[in-house]
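Take a look at the letters that make up each chain.
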Amino acid sequence: MNTISTRTSGLLIGLLLTGLVLAALVASGVIGPDASLARDRLAVAASSRAPSEAEQYVANTTGEVSDGINDAEDLAILGLTELQLARETADPAHYARAEDAFNRSLEIDAENVDALIGQGTLALARHEFADALEIGQRAVALRPSTARIYGIIGDAQVELGRYDDALATIQQMVDLRPDLASYSRVSYLRELHGDLPGAIEAMELAVDAGGPAPENTEYVRVQLGNLQFAIGDLAEAERTYRTSLARLPGYVYATAGMARIRAAEGHLDDAIQLYEEAAAQIPLPEFVVALGETYEAAGRLDEAQDQYALVEAIQALLEANGVQTDIELASYFADHGDPARAVDLARAAYDRTPSVRAADALAWALFADGDVAEAFTYADAAVALGSADSRVLYHAGLIAEAAGNVELATARLSRSLDLNPAFSPLYAPRAAAALERITDD
Amino acid sequence: MTPAFAGSSRRPYLIIAATAALILSALIPSALDGSSHREAPLIAADPTADNTDLYAWRTDGDTVTIAANYIPLQEPAGGPNFSNFSDNVLYEIKVDNSGDARSNVSYQFRFQTTFTDSDLFGETYLYNDFPLETTGDPDQLYTQTYTVTRVAGKTSTVVGSGVVPPTNIGPRSTPNYAPIRETAITSLSNGGKAFAGPRDDAFFVDLGSIFDLGGLRPFNGAHLLPLAAEPGVDGVGGFNVHTISIQVPITDLTGTTTVPELGTQDAVIGIWATASRQKVTVLQDGQAKGSGPWTQVSRLGNPLINEVVIPLDLKDSWNFSAPEKDSRFVEYYRNPSLARIVNAIYPPLVNARESGRDDLVAILLTGLTVPPNDVLGNTEPLIFTQTGTVLADMLRLNVAVPPCSSSCSTLGVMGGDLAGFPNGRRLTDDVTDIEIRAIIDGYGSVINGIFGDLTPNNSPNNAVGDGVNENDVPFLSTFPFQADPHSGYSHQHHAVGTLTPPEPV
């Protein structure tokens, strides 16, 4: 039944959000005059967007009963709907409202599984992975046959660096219910372990299990495109992103995928335009950073700086709404001029969540800060599972080079470029230059 | 009025739960990308592997026709994303002929999709180049073929193969659908026929009213929140589904050499349909793609069980499990929540029994043996739809009961017509009204005459219905029987039904 409704409402993702985010940024004082260019450029009318199902539900619910809802299940649903709104609008203010609804639900019924699922999902969204794991384990004890709870637990285990636990959890999940949600997690674990062909195969199953057009399907289809991009199959990746755009016109993640393709082909102006489009729809840090890096690759440094300023503002807004962004910020500061701060953030993140992602951020921050020896240790940790991430391999390769381990540096940089010689307009040329430098010596 | 209704703004919990299920599946988070860590969706509707309805009835020539439908509520104007079968799903019809709720004979459908570039436009989103005249027309760019495998015990035999007919797109692409449908019927090597493809959704029900706090439009005045009475509206009218259908000799399913006699255990078979997806190992072990093994993700036997009987938190679990394990759900049949809801929201009705419903357990989980009675005149107990003692949700069919030729009733057995639901299910059977009346103890005089106090015949409960008494379009007179799919170019939704549900018999 949902097929039809989600098909028509589709992903009207966030023409609204830009207004919301900007209003919040201004209100909280995190946007300074130096970001005003970016703000002006991003200003899009919020009023042109039709209300989504989730918004209508919240409007109806609050209109009818306001704060008077006192049914645990109703409150859980209200909270879950707020989470959906957070996704549709990228406005993290919905997190606080969701949290409130889940807390009230669990005060009435401490064993309301939907509220626990909501809390766990919220903890994941805020990158509170230890909390998510604990909540997920409570929920699974109450309802062991509900597949999506295993998704919460498995996601938390991945981010906490507990990969063997995650493998077992996701195996349970996919045994219980092979569907888009479980197949896509199988794919991600394979990717983390360096098996990109296997990751592609599982992601194809995820896409197949997704039904005709809802946003979920296009989300995993774009992930499939990203995997095809990761092995350097630009033609297939482009075909995948185009399919996504045909099915869900304007889909922001597919637009960003097309930007990545254009950048890989060296068409930086086209890439910039597409990233602008994506960031104007949803100013996710990853889009804004990619836009900034593409400007930088094109030699348009002032415009790159505008984007980087916006990244910090967005991260501040996320932090203000309880989202942990240490890893993302650390990587950003390591690349963009504040290595000491990067090290602090990355070390804190790694202490809390010793994942390969955190190890990469810490290694790269330490390297930027000049501590090659310690960076080398964490770079090893970052590629320990058998990374097939060109950017991570590029980081680890440069660190190995600086540490004087030519053999390892050559292997990592070669693998980085073998996977996809154009993985980034900014960093792929640097990886190639480093490899040339090493082999010339 | 139950205590739950003491506060006027209080809504029946289970209806909220039903609505919640819809909301949960429609809305709930996909992925919350606050930043770059990977958050794949947590839940996923999987319409391609979703059973919608199962039909099974005896047809002419000592055959049984079975139709299992999938992919709910397809909008005919769904281009460019028309619904299709999945190459990665195993679609299966299972038959128990020994009473243990395990499959003795099954029919497996596997699909293979090919996509060719257009002669005219190269790579295109279009479905076809020129008007399509038959199934398998070379101008069809998106084509699905399939194989039918009969599994009996451990023996699998490919008994046929076919081509899925195209979606009914419109007057330019599919100007004449009848020859397309006829050329899609394939013969099976065991003497049967098969069809797999899009059809009109044969189900008819007033979803729009029933999901609005249990409303039945013709009885709007009797609802706790009264409205003016109105004719029912067919909520699935004008939508399409995908069916896998077979028509096979009775003996192919019973495992007997001749058509079994009425009253013998051999005459009763239990039927259910499933959809399964491939099992995978997270870290690969070299397993070949597309080879299975399989994990069941959906099943269906009797109509509306997962919607009406199984509670929200067990719906997934029910879908993944086998009928032979259904004894764990028996309390939800014996104490049906729907009886509590209807008692609460329809004060003028005689209150139905809210517990101890051995009638529902017998009809839906074991099948019926008819005691000696004056209505049928049998002096010994007569096996009617009882498969055995194992509690299992299966659609039970007594193949010894010949097809109805006169005095047929859309109320099936409730209407005095022994060839209809719950003896199998025909396309015309009004299972919504039958099940509502059964749950609220309005069984009618025939069933009450046979089973006595087990099946009360309270009035006016026995006249209740949703006001949608028949399908929005006529069925075909020959296999595959379900009507051709609605055209994307021209179709109408939500046909208006009637103010008068079928008369109680």
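It should be noted that the structure appears before, not after, this text.
Residues numbered from 1 in each chain as written. Chains lettered and ligands numbered in written order. Predicted model: local features only at pLDDT ≥ 70, side-chain atom pairs only at ≥ 80, totals over all residues.

The next point concerns helix α24 (residues 406–419) of chain A. Residues and elements named next belong to chain A. With 14 residues, α24 extends 20 Å between its outermost C-alpha atoms, agreeing within 8% with the 20 Å of an ideal straight helix rising 1.5 Å per residue. Considered for burial, the residues of α24 that qualify are Ala409, Arg412, Leu413, Ser416 and Leu417. Down the axis of α24, the buried set is contained in an arc of 125°. They therefore lie on one face. Turned more than 90 degrees from where α24 packs its buried face, Glu407 and Asp418 sit exposed. Taken together, the buried residues of α24 touch α23 (390–402) and α25 (427–440). (Helix = DSSP H or I, 4+ residues; strand = E, 2+ residues; numbered from the N terminus. Expected span 1.5 Å × (residues − 1). Buried ≥ 20, exposed ≤ 12 C-beta atoms within 10 Å, placed from the backbone. Arc of directions from axis to C-beta. Contact = placed C-beta atoms within 7 Å.)

Turning next to the environment of Pro485(B). All names here are of chain B. Here proline 485 lies in the segment after α11 (444–451). You can call proline 485 buried: it has 28 C-beta atoms within 10 Å. For the pair proline 485 and tyrosine 177, spaced 308 residues apart in sequence, the C-alpha to C-alpha distance is 8.8 Å. Beyond its immediate stretch of four places on either side in the chain, proline 485 contacts Pro76, Thr167, Asn168, Pro198, Arg199, Asp200 and Asn240.

Let's shift gears to the packing of α23(A) against α25(A). All names here are of chain A. Contact geometry of α23 with α25 gives a least axis separation of 10 Å together with a crossing angle of 35°. Both α23 and α25 take part in a crossing whose hand is left-handed. Along the contact surface, α23 presents Arg391, Tyr394, Gly397, Leu398 and Glu401, while α25 presents Tyr427, Ala431, Ala434 and Ile438. Of the residues contributing to the contact of α23 with α25, the split by class is 6 nonpolar, 1 polar and 2 charged. (Axes fitted to C-alpha atoms, helices over the stretch in contact; angles between N-to-C directions. Left-handed = near helix turned anticlockwise from the far one by under 90°. Nonpolar A, V, L, I, M, F, W, Y, C, P; charged D, E, K, R; others polar.)

Of all hydrophobic cores here, the largest spans 249 residues; its most connected members are Tyr275(A), Ala330(A), Ala346(A), Ala363(A), Ala365(A) and Ile271(B). Among the elements that take part in this core, helix α21 (residues 356–368) of chain A stands out by supplying 11 residues, more than any other. What Ala363(A) contacts, discounting residues up to four positions off in sequence, is Ala375(A), Tyr378(A), Ala379(A), Ala382(A), His395(A), Ala396(A) and Ile399(A). (Core = buried A, V, L, I, M, F, W, Y, C linked by C-beta atoms within 7 Å.)

Compared with an ideal rise of 1.5 Å per residue, which puts 13 residues at 18 Å, helix α12 (residues 196–208) of chain A spans 18 Å between its outermost C-alpha atoms and is within 8% of the ideal. Among the 13 residues in α12(A), 11 count as buried, and that is most of the element. Those residues of α12(A) lying buried are Leu196(A), Gly198(A), Ala199(A), Ile200(A), Glu201(A), Ala202(A), Met203(A), Leu205(A), Ala206(A), Val207(A) and Asp208(A). Looking at the buried residues of α12(A), the elements they touch are α11 (180–192) and α13 (215–230) of chain A together with β10 (268–278) of chain B.

So, on to the packing of helix α20 (residues 339–352) of chain A against α21(A). Residues and elements named next belong to chain A. Viewed as axis vectors pointing N to C, α20 and α21 meet at an angle of 155°, and their least axial separation amounts to 8 Å. In terms of orientation, α20 lies roughly antiparallel with respect to α21. Note that α20 runs across α21; the crossing there is left-handed. Together, Pro339, Ala342, Val343, Ala346, Arg347, Ala349 and Tyr350 of α20 and Ala358, Ala359, Ala361, Leu362, Ala365, Leu366 and Ala368 of α21 make up the contact between the two elements. (Parallel < 35°, antiparallel > 145°, perpendicular 65-115°, else oblique.)

Once that is clear, we can look at the pairing of strand β9 (residues 240–249) of chain B. All names here are of chain B. Of all 10 residues in β9, 9 are buried, a share of seventy percent or more. For strand β2 (residues 63–74) and β9, the ladder comprises 9 bridges, and the chain directions are antiparallel. Within the sheet, the bridge partner assigned to alanine 68 lies in β9 and is isoleucine 244. Note that strand β8 (residues 193–200) and β9 share 8 bridges and pair antiparallel. Residue phenylalanine 195 lies in a different strand from β9, and its bridge partner there is serine 245. (Pairing = 2+ DSSP bridges.)

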